[in-house]
Structure formats: structure tokens, C-alpha cells
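# Breakdown of the fold
Spelled out, the chains give:
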Amino acid sequence: MKEETILKNEWINRYDLTAVTQSKYYKIVGCFAIGFELMKIRGKIQPYFVIYPLWLEDVKECFGFSFLYHCIEDTKGLNYSLSISKMLEKKEEIFQNAEIYLNLDLKKTYIRIVFLKLSIHILKKDILCYLIKVPLLK
């Protein structure tokens with residue numbers, strides 16, 4: 001099995017997601033599609049936590065912009081940027097950092113509490129991500 005397929009299966013099985021593409025995995029929760037996207041930048045993979053609204057006119061419009069697009073960071077606060085094989089080696093660390101950093105369990109359905117915790121956590125970190133990391137003004 002190709003490494004890309006193994007990596008995809010790790011993400012979708014860990015969080016009970018549906019693979020829309022080889023690198024985009026979501027779960028519909030209420031009026032949101034939440035999940036992870038693996039973006040390839042300069043030959044390296046960066047995992048992002050994403051939330052898309054589903055209340056717009058059509059699917060293309062819903063996925064045209066994200067409600068939240070946040071790069072998963074390591075314990076030093078740096079974005080992961082790894083080859084597929086390195087990402088497979090460090091998958092447990094990446095999953096733990098995603099869950100700890102975002103204070104999220106996608107297998108649970110109490111999304112209002114998750115959004116509240118996520119919002120509070122982002123504000124505490126002074127970080128708001130929409131496609132790129134943008135520090136909040138103080």
C-alpha cells in the first residue's frame with residue numbers, strides 16, 4: 001500500500017472522518033464540516049485543522065472559504081512540515097499535539113463545547129488562522 005494511502009487511513013480511522021480527497025478528511029457536525037487537511041508545501045506535508053460552514057448556497061461555495069484553518073503545531077509551537085514517511089513515523093505525536101492544542105475530540109458530538117473551548121484557546125494563544133497564521137492585535 002502506498003504511504004499516502006496509509007497516512008490517509010491513519011487520519012480517517014483515528015477521528016472517524018470521511019476522506020473527500022487523498023488529503024482532505026471531514027466529518028459533518030451540525031451545520032459544519034470539520035476535519036483535517038494535509039497541505040503539501042515545498043515537498044513537505046503540513047496538517048491543518050479546518051472548519052467549513054455548510055449553510056451557503058452550494059457545496060462549492062461552502063468550501064470556498066473556511067471558518068477556521070489552523071496549522072497543527074509541535075510542542076515548541078512550530079508548524080509540522082514533514083515528508084510523508086516522517087509524518088507516518090511521528091503520527092502519534094502529531095495526533096496528540098492536535099488533540100491537546102485544539103482541546104478537541106472529533107469522535108464526540110458536543111460541538112458547542114468544542115467550539116467554545118477552541119475559541120478560548122485561540123484567543124489565549126493570540127492566534128487566528130485563516131489560510132495563514134495571523135497574530136491578533138493587542
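All values reported here derive from a predicted model rather than from experimental measurement.

What follows covers the environment of serine 81. Turning to its location among the elements, serine 81 is positioned in the loop between strand S5 (68-71) and helix H3 (84-89). Ignoring any residue separated from it by four or fewer positions in sequence, one finds serine 81 in contact with Lys44, Ile45 and Gln46.

Most of strand S3 (residues 32-41) sits inside the fold, with seven of its ten residues counted as buried. Once S3 ends, the chain turns through two residues before running back antiparallel as strand S4 (residues 44-53), passing arginine 42 with a positive phi of about 50°.

This part is about the sheet that holds S5. Spatially, five strands are ordered S1-S2-S3-S4-S5 in an open sheet, and the strand pairing comes out antiparallel. Bordering the open sheet on either side are strand S1 (18-21) and S5, each of which pairs with just one other strand. Sheet twist, expressed as the average angle between the axes of neighbouring strands with direction ignored, equals 25°. Sheet analysis places S1 next to strand S2 (residues 24-29), joined by three bridges and oriented antiparallel. Looking at S2, one finds that threonine 18 is bridged to tyrosine 26.

Here aspartate 16, not a glycine, exhibits a phi torsion of approximately 55°, which is positive. Checked against the element boundaries, aspartate 16 lands in the loop between helix H1 (3-15) and S1. In the Ramachandran plot, arginine 42 falls in the positive-phi region, its phi being about 50° despite a non-glycine side chain. In this structure, arginine 42 sits in the loop between S3 and S4.

Quick notes on the rules
Residues numbered from 1 in each chain as written. Predicted model: local features only at pLDDT ≥ 70, side-chain atom pairs only at ≥ 80, totals over all residues. Heavy atoms only, no water. Helix = DSSP H or I, 4+ residues; strand = E, 2+ residues; numbered from the N terminus. Contact = heavy atoms within 4.5 Å. Buried < 20%, exposed > 50% of the residue type's maximum accessible area, 1.4 Å probe, protein only. Pairing = 2+ DSSP bridges. Axes fitted to C-alpha atoms, helices over the stretch in contact; angles between N-to-C directions.

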